[in-house]
Amino acid sequence: MTELNSANASELTSDTPIMAFAQLQLAAPLARAVAEMGYESMTPIQAQAIPVVLQGRDVMGAAQTGTGKTAAFALPLMQRLLKHENTSTSPARHPVRALVLLPTRELADQVADNIKQYGKYTNLRSAVVFGGMDMKPQTLELKQGVEILVATPGRLLDHIEAKNAVLNQVEYVVLDEADRMLDIGFLPDLQRILSYLPKQRTTLLFSATFSPEIKRLANSYLQNPVTIEVARSNATASTVEQHFYSVEGDDKRHALHQVLKDRGLKQAFVFVNSKLGCARLARSLEHEGLKTTALHGDKSQEERLKALEAFKSGEVDLLVCTDVAARGLDIKDVPAVFNFDVPFNAEDYVHRIGRTGRAGAAGLAVNFVSKSDARLVADIEKLIKIKIELEPIEFDENLPDIRKQGHINTGRRLYQQEPGDSRREEFPGRVPRAPRNDYRREPVKSQDPFFSKPYEPPVLPAGEVPSWEAAAVRPGVRGISSNIKTKRKVAALFKAG
Ligand code: AMP
């Protein structure tokens, strides 16, 4: 049995019948694959969506990654496509009949992987295309013909323009993680892609939340959809223990070490708000003896996949990541999530901590809150409807004081503590620190010239543009995440469409 989001599952069981896959009368090749993957009973989103999609209805589904939504759309869609299945080698006999659009490469890769597994006993062909990879192998695969195409919007448009992908026989389109696609600024790309599709089709839209922009998107492109909401939107899993510690600047790394030690944590995700902060923090933690890797938008595809694999295999303990890079990662059993930076967007808080506490396992979400984060914390409180109490962090006398090992510039202004500065009293848990002991693996190096250099994004090989992050950059706008679009801009794009 693989991981599922227990919060969503438990909220639903009261009004959602628990159904076994065996009751669904899936075609034998699909049923066999699903059984081999260990799926026995359907998750709530599957129990609700599969029958609706089998009827050919449009669906607007509120469900997050981890709820089993890939199978919820992929299995019925594949069942309906089986009538086209054939073994001909002619590409003309394998036109694209289902298109699945996702915001990130990792997510596309994951969904394509699941589809391959569900379809392994069928003759349906599937492929995935995303940016940051050579177009040639993707082109070859497309030219041979595929029934199910999984894609990120930018790269799909490249293939459409190069006439590698023809979409005039598409019967199903899935807009997965639609809220994220809008956040990233993919709306114009989506509008273009949708304009290439036949009007007569089934459209399935999945989104973690139904924001006004998502509702507008649904109104424009879905016909009489069935709304399926399996999770109270913005709910956090009841199995996740959440802590909000008052910690400033460089104390955060020290606090991270403290919590890792106190909780005996083996692995965790550490979220930061910027690529710059991500690279630097990972570097610092590595130097402090923690096996760390960074996952952000400037990493090449190969580097990202390597980072993921290293984390999955346990080679790496801490995965320091940005929201966009981490969205939808299907990594099981992450015991803890640290918000080293409080997210700019409260909804990202829900997504971030959704990585832990899955499948009924106890999870831990640790937030380091500095004084300037008060508004962001208030936003989270409003969204998750849980009263947030700030806690002081208790530093252990035996914990080595890593703050003495060099300052990292995370892009935020830190206050310099003057002797007698009364602000220190706001952190009552602080106690004097004693010399290092040995809980870390490697000796600590004191200085790294990396931190005195300005941030330089890596030079990517030709053709490897982190396009989905680049697309989100809005020159001239300071102080807000480049992934946040103003409502006015999004609304204007809808009108333009
Ligand atoms: P998803 O939300 O589609 O990313 O799925 C999250 C994880 O749950 C994946 O590892 C799936 O393979 C797994 N999964 C999906 N449906 C089921 C099911 N009915 N029973 C067990 N595992 C499932």
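Residues numbered from 1 in each chain as written. Predicted model: local features only at pLDDT ≥ 70, side-chain atom pairs only at ≥ 80, totals over all residues.

Per an unreviewed UniProt entry, the protein goes by ATP-dependent RNA helicase RhlE and derives from Rhodoferax lithotrophicus. Turning to the protein, the UniProt annotation filed under Sequence similarities (unreviewed entry) states: "Belongs to the DEAD box helicase family." (UniProt positions renumbered as here; feature names shortened; annotations may be inferred.)

Chemist: Looking at this model, I keep getting lost on the overall build of the protein. Mind explaining?
Modeler: Tallying secondary structure elements over the protein gives 18 helices and 14 strands in all. Across the 497 residues that make up the protein, the buried fraction comes to 46%. Put simply, of all contacts in the protein between residues at least 6 apart along the chain, 80% involve residues at least 24 apart. (Helix = DSSP H or I, 4+ residues; strand = E, 2+ residues; numbered from the N terminus. Buried ≥ 20, exposed ≤ 12 C-beta atoms within 10 Å, placed from the backbone. Contact = placed C-beta atoms within 7 Å.)

Chemist: Explain the UniProt feature "short sequence motif: Q motif" (unreviewed entry) in the protein to me, please; I cannot follow it from the model alone.
Modeler: Here the UniProt-annotated "short sequence motif: Q motif" (unreviewed entry) positions come out as residues 19-47. Between the C-alpha atoms that bound residues 19-47 there is a distance of 7 Å. The span itself is 45% helix and 0% strand.

Chemist: What am I meant to see in helix α4 (residues 69-81) here?
Modeler: Along its 13 residues, α4 runs 18 Å from first to last C-alpha, staying within 8% of the 18 Å computed at 1.5 Å per residue. For α4, every residue scored as buried is listed here: Lys 69, Thr 70, Ala 71, Ala 72, Phe 73, Ala 74, Leu 75, Pro 76, Leu 77, Met 78 and Gln 79. (Expected span 1.5 Å × (residues − 1).)

Chemist: Sorry, what's going on with the nonpolar core here?
Modeler: Side chains that are nonpolar tend, in soluble globular proteins, to be buried together. Counting residues in hydrophobic clusters, the biggest one holds 122 residues, and the most contacted among them are Leu 99, Val 150, Ala 151, Phe 269, Val 270, Val 320 and Phe 338. Here the element with the most residues in this core is α4; it accounts for 7 residues. The two domains that each donate at least three residues to this core are domain 1 (9-229) and domain 2 (240-407). Discounting residues that sit within four places of it in the chain, Val 320 has contacts with Val 270, Val 272, Cys 278, Leu 281, Ala 282, Leu 285, Thr 292 and Ala 294. (Core = buried A, V, L, I, M, F, W, Y, C linked by C-beta atoms within 7 Å. Domains from an automatic or database assignment.)

Chemist: Please clarify how the sheet that holds strand β14 (residues 390-391) should be interpreted in this entry.
Modeler: Strand order across the open sheet formed by 7 strands is β10-β11-β9-β12-β13-β8-β14, with parallel pairing between neighbours. At either margin of the open sheet sits one strand with a lone partner, and together these are β10 (292-295) and β14. Bridging between strand β9 (residues 268-271) and strand β11 (residues 318-321) involves 4 bridges; their strand directions are parallel. Directly across from Phe 269, in β11, lies its bridge partner Leu 319. Docked against the sheet, helix α11 (residues 251-263) engages β8 (240-246), β12 (336-339) and β13 (363-369), running at close to 160° with respect to β13. (Pairing = 2+ DSSP bridges. Axes fitted to C-alpha atoms, helices over the stretch in contact; angles between N-to-C directions.)

Chemist: Which parts of the structure should I look at to understand the pairing of strand β6 (residues 202-207)?
Modeler: Two faces make up the sheet, and in a regular strand the side chains alternate between them. In terms of burial, β6 is a largely internal element, 5 of the 6 residues being buried. In this structure, strand β1 (residues 59-62) lies alongside β6, joined through 4 bridges in parallel fashion. Paired with Val 59 across the two strands is Leu 204, which belongs to β6. By the bridge criterion, 4 bridges tie strand β5 (residues 172-175) to β6 in an arrangement that is parallel. Bridge pairing in β6 links Val 174 to Leu 204.

Chemist: Hey, could you run me through the packing of helix α3 (residues 44-54) against α4 in this one?
Modeler: Two quantities define a packed helix pair, namely the angle between the axes and the distance from one axis to the other. The contact between α3 and α4 brings their axes to 8 Å, and the two run at 25°. When the interaxial angle is binned, α3 and α4 end up roughly parallel. As α3 runs across α4, the sense of the crossing is right-handed. Residues Ile 45, Gln 46, Ala 49, Ile 50, Val 53 and Leu 54 of α3 lie in contact with α4, whose contacting residues are Lys 69, Ala 71, Ala 72, Phe 73, Leu 75, Pro 76, Leu 77, Gln 79 and Arg 80. Class assignment for the residues of the contact of α3 with α4 results in 11 nonpolar, 2 polar and 2 charged. (Parallel < 35°, antiparallel > 145°, perpendicular 65-115°, else oblique. Left-handed = near helix turned anticlockwise from the far one by under 90°. Nonpolar A, V, L, I, M, F, W, Y, C, P; charged D, E, K, R; others polar.)

Chemist: What exactly am I supposed to notice about α11 here?
Modeler: Each turn of an α-helix holds 3.6 residues, which means side chains three or four residues apart point in the same direction. With 13 residues, α11 should reach 18 Å at 1.5 Å per residue; the first-to-last C-alpha distance of 18 Å fits that figure. Of the positions making up α11, those classed as buried are Asp 251, Lys 252, Arg 253, His 254, Ala 255, Leu 256, His 257, Gln 258 and Leu 260. Those residues of α11 hidden inside the fold are in contact with β8, α12 (275-287), β12 and β13.

Chemist: Quick question: what am I supposed to make of the packing of helix α7 (residues 153-161) against helix α9 (residues 187-195) here?
Modeler: Contact geometry for α7 and α9: axes closest at 9 Å, N-to-C directions at 40°. Comparing the axis directions of α7 and α9 gives the class oblique. Of the two possible hands of crossing, α7 and α9 adopt the one that is left-handed. Judged by residue contacts, Pro 153, Gly 154, Leu 156 and Leu 157 of α7 engage Asp 189, Leu 190, Arg 192 and Ile 193 from α9.

Chemist: Hey, could you run me through the environment of Ala 28 in this one?
Modeler: Note that Ala 28 resides in helix α2 (residues 28-36). Remark: the alpha-carbon pair of Ala 28 and Gln 79, spanning 51 residues in sequence, is separated by 9.8 Å.

Chemist: Please clarify how unusual backbone geometry should be interpreted in this entry.
Modeler: Keep in mind that most residues, glycine aside, have a negative phi and that most peptide bonds are trans. We note that Glu 177 has phi near 50°; this positive angle belongs to a residue other than glycine. As for its placement among the helices and strands, Glu 177 is situated in the loop between β5 and α8 (178-184). Residue Lys 385 is not a glycine yet carries a positive backbone phi of 55°. One can find Lys 385 in the loop between α16 (374-384) and β14.

Chemist: What should I look at first to understand the confidence of the model for the protein in this one?
Modeler: If pLDDT is low for a region, its predicted coordinates should not be looked at in detail. When pLDDT is averaged across the protein, the result is 78; 73% of the residues are at 70 or more. Predicted confidence for residues 1-16 stays below pLDDT 50, and this span has 46 contacts to residues more than four positions away or in other chains. (pLDDT = per-residue confidence, 0-100.)

Chemist: Sorry, what's going on with the sheet that holds strand β4 (residues 148-151) here?
Modeler: If you walk across this open sheet you meet the 7 strands as β3-β4-β2-β5-β6-β1-β7, and the pairing is parallel. At either end of the open sheet lies a strand with only one pairing partner, and these are β3 (126-129) and β7 (226-229). For this sheet, the mean angle separating the axes of adjacent strands, direction not counted, is 15°. One ladder, built from 4 bridges, connects strand β2 (residues 98-101) with β4; its direction is parallel.

Chemist: What am I meant to see in the environment of Asn 86 here?
Modeler: Mapped onto the elements of the fold, Asn 86 is located in the loop between α4 and β2. Residue Asn 86 is classed as partly exposed on the basis of its C-beta count, with 13 C-beta atoms lying within 10 Å. For the pair formed by Asn 86 and Leu 124, sequence separation is 38 residues and the distance between their alpha carbons is 7.5 Å. Among residues more than four places away in sequence, those in contact with Asn 86 are Arg 93 and Asn 123.

Chemist: Help me understand the environment of Arg 201 in this model?
Modeler: Within the secondary structure, Arg 201 sits in the loop between α9 and β6. Classification of Arg 201 by C-beta neighbours within 10 Å gives buried; the count is 20. Separated by 103 residues in sequence, Arg 201 and Ala 98 have C-alpha atoms that sit 9.6 Å apart.

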